[in-house]
Amino acid sequence: MKHTLKAVAEAVGGRIIGEDAVSVCGIASIEKAAPGDLVFVEEEKNLQAAMHSNASAVIAGEFAAWTKHSKPFVITQQPKLAFAQAARFFHFDGGWPAEIHPTTIVHPSARLGANVSIEARVIVGENVEIGEGSRIGAGSVIAADVHIGMNCTIYPNVTIYSGTKLGDRVIVHAGAVLGSDGFGYVRDAKSGKYEKFPQIGRLEISDDVEIGANTTIDRGALEVTRIGRGTKIDNLVHIAHNVQIGEDVVIAAQTGISGSAVIENNAVIAGQVGIADHVRIEQGVILGAQSGVPTKKVIRGKGIVFWGTPARPIRGYLKELAVLARLAKKE
Amino acid sequence: MKHTLKAVAEAVGGRIIGEDAVSVCGIASIEKAAPGDLVFVEEEKNLQAAMHSNASAVIAGEFAAWTKHSKPFVITQQPKLAFAQAARFFHFDGGWPAEIHPTTIVHPSARLGANVSIEARVIVGENVEIGEGSRIGAGSVIAADVHIGMNCTIYPNVTIYSGTKLGDRVIVHAGAVLGSDGFGYVRDAKSGKYEKFPQIGRLEISDDVEIGANTTIDRGALEVTRIGRGTKIDNLVHIAHNVQIGEDVVIAAQTGISGSAVIENNAVIAGQVGIADHVRIEQGVILGAQSGVPTKKVIRGKGIVFWGTPARPIRGYLKELAVLARLAKKE
Amino acid sequence: MKHTLKAVAEAVGGRIIGEDAVSVCGIASIEKAAPGDLVFVEEEKNLQAAMHSNASAVIAGEFAAWTKHSKPFVITQQPKLAFAQAARFFHFDGGWPAEIHPTTIVHPSARLGANVSIEARVIVGENVEIGEGSRIGAGSVIAADVHIGMNCTIYPNVTIYSGTKLGDRVIVHAGAVLGSDGFGYVRDAKSGKYEKFPQIGRLEISDDVEIGANTTIDRGALEVTRIGRGTKIDNLVHIAHNVQIGEDVVIAAQTGISGSAVIENNAVIAGQVGIADHVRIEQGVILGAQSGVPTKKVIRGKGIVFWGTPARPIRGYLKELAVLARLAKKE
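Residues numbered from 1 in each chain as written. Chains lettered and ligands numbered in written order. Predicted model: local features only at pLDDT ≥ 70, side-chain atom pairs only at ≥ 80, totals over all residues. Heavy atoms only, no water.

## Observations concerning the overall build of chain A
- Within chain A, the regular secondary structure consists of four helices and 40 strands.
- On the principal axes, the C-alpha backbone points of chain A span a range of 80 × 75 × 30 Å.
- Within chain A, the fraction of its 331 residues that count as buried is 61%.
- Here the analysis covers contacts within chain A between residues at least 6 apart in sequence; of these, 18% occur between residues at least 24 apart.
- By element, 52% of the accessible surface of chain A is carried by carbon and sulfur atoms, the whole surface being about 12700 Å². (Helix = DSSP H or I, 4+ residues; strand = E, 2+ residues; numbered from the N terminus. Buried < 20%, exposed > 50% of the residue type's maximum accessible area, 1.4 Å probe, protein only. Contact = heavy atoms within 4.5 Å. Areas by Shrake-Rupley, 256 points an atom, 1.4 Å probe, with all protein chains shown as cover.)

## Remarks on the relation of the copies chain A and chain B
- Note on the copies: chain A fits chain B at an RMSD of 0.0 Å, the axial shift is 0.0 Å, and the rotation between them is 120°. The transformation just described matches what one would write down for a three-fold rotation axis. (Least-squares fit on C-alpha atoms with pLDDT ≥ 70 in both.)

## Examining the pairing of strand 26 (residues 224-227) of chain C
All names here are of chain C.
- Both strand 23 (residues 202-205) and strand 26 contribute to a ladder of four bridges, which runs parallel. In the sheet register, Arg202 faces strand 26, and the bridge partner there is Val224.
- Of the pairings in the sheet, the one linking strand 26 to strand 29 (residues 244-245) comprises two bridges and is parallel in character. What sits directly across from Ile227, in strand 29, is Ile245. (Pairing = 2+ DSSP bridges.)

## Description of the relation of the copies chain C and chain A
- Take chain C, turn it by 120°, move it 0.0 Å along the axis, and it overlays chain A with an RMSD of 0.0 Å.
- In this assembly, only 17% of the residues forming the interface of chain C have copies in chain A that are likewise at the interface, indicating a heterologous arrangement.

## Quick notes on the environment of Gly182 of chain C
Residues and elements named next belong to chain C.
- For Gly182, the location among the structural elements is in the loop between strand 20 (177-180) and strand 21 (185-187).
- Residue Gly182 is classed as buried on the basis of its relative accessible area of 2%.
- In this structure the C-alpha to C-alpha distance between Gly182 and Asn242, which are 60 residues apart in sequence, comes to 8.5 Å.
- Sequence-distant contacts of Gly182, that is, excluding residues within four places in its chain, are made with Lys196, Gln199, Asp218, Arg219 and His241.

## Some thoughts on the interface of chain C and chain A
- Every contact between the two is made by 59 residues of chain C and, on the other side, 55 residues of chain A.
- Taken as a group, Phe183, Tyr194 and Glu195 of chain C account for 15% of the area that chain C buries against chain A, more than any other trio of residues on that side.
- At the surface where chain C touches chain A, the tally comes to three salt bridges.
- Here Glu210 of chain A makes a salt bridge to Lys196 of chain C, at a shortest N to O gap of 2.7 Å.
- Where chain C packs against chain A, one counts 27 residue pairs in polar contact (both at pLDDT 80 or more).
- Of all the elements in the fold, those that place two or more residues in the side of chain C that touches chain A are strand 20, strand 21, strand 22 (194-196), strand 25 (216-218) and helix 4 (314-330) of chain C.
- No other element matches the six residues that helix 4 of chain C contributes to the side of chain C that touches chain A.
- Its residues placed into classes, the side of chain C that touches chain A shows 24 nonpolar, 21 polar and 14 charged. (Buried area = accessible area lost by both parts, 1.4 Å probe. Salt bridge = Lys/Arg side-chain N within 4 Å of Asp/Glu carboxyl O. Polar contact = N/O pair within 3.5 Å; in protein donor to acceptor, adjacent residues only side chain to side chain. Nonpolar A, V, L, I, M, F, W, Y, C, P; charged D, E, K, R; others polar.)

## Here's the deal with the interface of chain A and chain B
- Taken together, the contacts link 61 residues of chain A with 56 residues of chain B.
- Of all residues in chain A, Phe183, Tyr194 and Glu195 of chain A give up the largest surface area on contact with chain B, accounting jointly for 15% of the area buried on that side.
- On the surface where chain A and chain B come into contact, there are three salt bridges.
- Notably, a salt bridge pairs Lys32 of chain B with Glu223 of chain A, separated by 3.3 Å at the nearest N-O pair.
- Counting across the interface, chain A meets chain B through 27 residue pairs in polar contact (both at pLDDT 80 or more).
- Secondary structure elements with two or more residues in the side of chain A that touches chain B: strand 20 (177-180), strand 21 (185-187), strand 22 (194-196), strand 25 (216-218) and helix 4 (314-330) of chain A.
- Considering every element that reaches the side of chain A that touches chain B, the biggest residue donor is helix 4 of chain A, with six residues.
- Among the residues forming the side of chain A that touches chain B, the class breakdown is 25 nonpolar, 22 polar and 14 charged.

## Brief notes about the packing of helix 4 of chain A against helix 4 (residues 314-330) of chain B
- With their axes 9 Å apart at the nearest point, helix 4 of chain A and helix 4 of chain B run at an angle of 95° to one another. Relative to helix 4 of chain B, the element helix 4 of chain A lies roughly perpendicular. In this structure, helix 4 of chain A uses Lys319, Glu320, Val323, Leu324 and Leu327 of chain A to contact helix 4 of chain B, whose residues at the interface are Leu324, Ala325, Leu327 and Ala328 of chain B.
- Partitioned by chemical class, the residues of the contact of helix 4 of chain A with helix 4 of chain B number seven nonpolar, no polar and two charged. (Axes fitted to C-alpha atoms, helices over the stretch in contact; angles between N-to-C directions. Parallel < 35°, antiparallel > 145°, perpendicular 65-115°, else oblique.)

## Quick word on the sheet that holds strand 15 (residues 147-148) of chain C
All names here are of chain C.
- Pairing within the open sheet is parallel, and its 10 strands lie in the order 9-12-15-18-23-26-29-32-35-38. The open sheet is flanked by strand 9 (111-112) and strand 38 (298-299), the only strands paired with a single partner.
- One ladder, built from two bridges, connects strand 18 (residues 165-166) with strand 23; its direction is parallel. By the bridge assignment, Lys165 is partnered in strand 23 with Glu204.

## Focus on the packing of aromatic side chains
- Overall, the coordinates contain 20 aromatic pairs over all chains when judged by the stated rule.
- Seen from their ring centres, Phe183 of chain A and Tyr185 of chain A are 5.2 Å apart, and the 85° between their planes marks the pair as edge-to-face.
- Measuring from centroid to centroid gives 5.5 Å for Trp307 of chain B and Tyr317 of chain B, while their planes differ by 85°, and the two rings are edge-to-face. In this pair, Trp307 of chain B sits in strand 39 (residues 305-307) while Tyr317 of chain B sits in helix 4, placing the two residues 10 residues apart along the sequence.
- Overall, the relative accessible area of 11% leaves Trp307 of chain B in the buried class.
- Ring pairs connect the aromatic residues Phe40 and Phe83 of chain A together with Phe197 of chain C, which therefore count as one cluster. (Phe/Tyr/Trp six-rings, centres within 6.5 Å; stacked < 30°, edge-to-face > 60°.)

## Side note on the side chain of Lys232 of chain A
- Mapped onto the secondary structure, Lys232 of chain A falls in strand 27 (residues 232-233).
- Salt bridges are absent for the buried Lys232 of chain A, whose nearest opposite-charge side chain, Glu210 of chain A, sits at 5.1 Å.
- Among the polar contacts made by the side chain of Lys232 of chain A, one reaches the main-chain carbonyl oxygen of Asp208 of chain A at a distance of 2.8 Å.
- Ignoring sequence-local partners within four residues, the contact set of Lys232 of chain A consists of Asp208, Glu210, Val249, Val250 and Ile251 of chain A together with Phe183, Tyr185 and Tyr194 of chain C. (Lys, Arg positive; Asp, Glu negative; His and termini not counted.)

Here's what the structure looks like:
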């Protein structure tokens with residue numbers, strides 16, 4: 001889809017230097033750009049490369065406003081953000097069919113909104129509700145009483161257990177499992193056998209959440225597991241029963257969050273982090289990769305980076321590493 | 001399904017204080033309980049909350065026998081266990097159809113027991129055997145020569161490779177992969193290329209095992225990978241070829257167990273633990289989260305907690321952490 | 001399938017001691033061998049066991065050339081490699097149907113080579129190309145514009161996102177997800193919300209790569225994620241957008257590789273390793289299990305083992321552990 005640079009600049013809130021009637025039809029990296037593409041520059045050192053690229057226009061920060069321009073520029077305070085927003089103008093999602101494929105099995109009690117698109121071999125259970133404009137990928141299984149909001153994208157081979165609720169614009173990547181039973185057992189003191197504790201709670205996911213491939217999120221045991229608005233979850237993450245995750249939290253790949261942990265808004269959790277049960281990660285805390293938070297701990301401090309197992313403020317942790325290295329060297 | 005409290009108390013081996021004809025129809029947490037629900041109390045401090053809840057009856061320990069009761073109580077030595085057992089009286093599993101869905105593809109040589117229920121789009125291969133009362137979720141693929149025992153529950157989109165054997169009452173959550181090839185190669189010293197070592201063994205899973213969502217368990221290379229009776233495995237766990245796991249072992253999410261490791265009965269393995277090849281974890285050992293056991297190590301000591309990488313008794317490990325922190329502070 | 005030992009010996013480049021007309025029809029471990037089986041011995045101490053086994057012949061190193069033999073031997077410099085190569089003579093892959101199952105949905109624009117075999121319920125999208133002799137397992141979803149080379153094996157319930165390219169002889173185990181969106185967002189400094197950064201690059205996988213069950217590999221953001229020839233990847237591994245992996249790299253289970261990291265040829269990466277973004281692991285480096293490499297680090301040294309987080313040469317790391325243990329003991 002072609003647009004004038006003017007239209008793009010208006011949408012992303014930038015101002016144009018140069019020819020605003022030039023038409024653009026895609027985005028690209030500076031190295032790969034072809035005529036018609038938009039590129040972006042965040043740091044001044046990359047400005048020359050962008051100007052010499054084949055791109056038709058460049059999105060850049062204020063630093064670029066004073067240079068001599070060989071092609072049109074869109075100047076904005078957040079060029080990478082503007083680039084991401086501009087990308088939405090163009091169509092990249094691989095041609096989902098605007099139809100309900102005849103091989104889909106939809107329970108007669110299910111309610112589908114307008115413009116819902118369902119690929120082949122999807123199973124939609126009893127009383128399922130799918131909101132306007134949502135798309136379900138091939139082979140996905142949506143169990144009974146699931147509610148999916150508007151404009152969601154569920155990729156292929158996803159499994160959503162019964163009763164799970166998704167808000168609007170939720171993206172779920174292939175192979176993810178939502179609302180599975182939590183890992184809860186009671187050991188019989190006499191026989192030594194583990195009896196399954198009931199896992200009859202639900203999973204609720206708010207608007208604008210993205211969930212990575214093969215990630216698993218369990219339903220609550222008796223209560224509700226919750227993922228807050230705008231939270232982004234990478235691939236192969238595990239989130240256990242009763243976990244409460246706030247808004248705009250970022251969780252990188254292979255992190256595991258144990259039962260009843262609470263992660264407050266704006267926390268940033270790197271990859272392979274382990275968070276034990278009943279832990280509380282307070283607002284804006286940053287957990288470094290592979291760090292571990294032991295059971296019931298509270299981690300506090302907006303913008304403070306914690307690292308190691310048990311997780312401690314990174315400054316002190318780096319000092320510990322340095323002391324230890326020095327001692328070993330002396331030997 | 002409604003039951004009298006008397007029937008429930010008999011089934012869980014408790015004695016009733018108060019009205020035993022009261023009827024109950026579900027279980028709930030104290031906070032969420034509605035009339036008709038049963039709740040449970042493990043610690044005396046929660047007794048008042050239970051009594052003031054909307055629940056119709058309370059399961060509690062002996063400590064509750066002497067209080068003045070505002071509603072009927074079931075007194076038992078293990079109240080949480082009794083609550084879990086009571087939950088079985090009520091039906092929570094989201095309405096599996098008691099049928100073989102017409103879109104299922106069952107090889108003519110497969111043998112299905114009575115009351116087997118198979119959801120849509122399942123594939124059942126040659127010579128597969130599925131025991132009485134077992135249920136297979138939509139989209140699952142059961143390859144040739146798989147044997148599934150009685151009353152098993154296989155959730156959707158599970159893949160079971162050929163020749164795998166499951167005992168009775170095994171639960172497999174969505175997306176799990178059972179019996180995949182192990183990770184074994186021989187490096188050609190001349191070409192430097194890796195040649196695949198044959199992965200032609202099998203996987204055998206005993207009775208009452210539960211396997212979490214997206215967990216993977218490999219078949220043996222030339223031998224058999226075994227999971228013992230009553231063992232519980234959480235989500236995203238990896239179990240490699242030739243591993244031998246005993247009975248009543250608990251393995252939390254994202255733990256990885258390398259080739260030919262042995263985990264003896266009653267071990268408890270927390271999340272994100274790494275166990276290298278040919279390790280032996282002896283009876284009743286407890287491995288703390290994220291701990292790591294290097295190749296060929298033997299970890300011994302019933303009830304002893306090991307932590308860190310390499311895993312060591314937690315007492316000594318905590319001392320090491322304390323010493324290090326003190327040294328760093330002095331700087 | 002039966003072969004004479006002579007034919008096998010020629011194929012694996014070994015010489016026979018004893019009767020070369022004996023016929024063999026399979027491989028096995030020494031413990032499990034039955035008449036007709038081939039076994040192998042790498043270490044002299046296992047020679048007696050092999051000779052007393054029920055196997056019909058033994059593959060062994062030069063050390064076995066001078067013993068008195070009770071059964072025929074194939075002598076070779078790399079007996080385990082020869083055993084693996086011999087295994088290829090026999091057929092172990094569980095009876096894939098040499099057909100395109102009638103329930104497969106193949107887009108009319110897709111191009112399938114000769115002898116392609118596709119199991120039930122597979123979905124093959126627009127413009128997909130599948131090379132001669134490749135096999136696709138039940139329930140897999142191959143999105144538009146995917147290219148699969150010759151003699152590939154895709155196990156069931158795999159999802160391949162649009163535009164992904166696989167070379168020849170690639171093996172992909174069940175539940176793997178290839179070409180999913182990378183984890184990239186731009187935070188809006190004003191609203192605090194995360195905007196999805198475009199993930200419109202591709203994933204390219206070269207010849208002879210094997211990918212484990214439930215592993216996830218993301219497409220590039222604007223560029224291409226690449227996996228080099230002969231690289232072997234275990235189960236539940238995560239590989240992020242823009243990662244470049246060289247040839248003959250080995251990556252064990254549950255390892256995570258963050259965005260834009262580079263892993264050079266012949267690196268060996270154990271299980272649960274974490275590699276941060278923009279890291280470079282140089283040729284032939286060995287990373288021990290659970291080690292972690294912080295952002296932008298370069299790890300260099302062919303054949304050197306690194307361990308710990310942050311990863312350091314294992315020698316120094318073990319010394320650090322010893323020093324710390326000693327200090328703690330003194331207390």
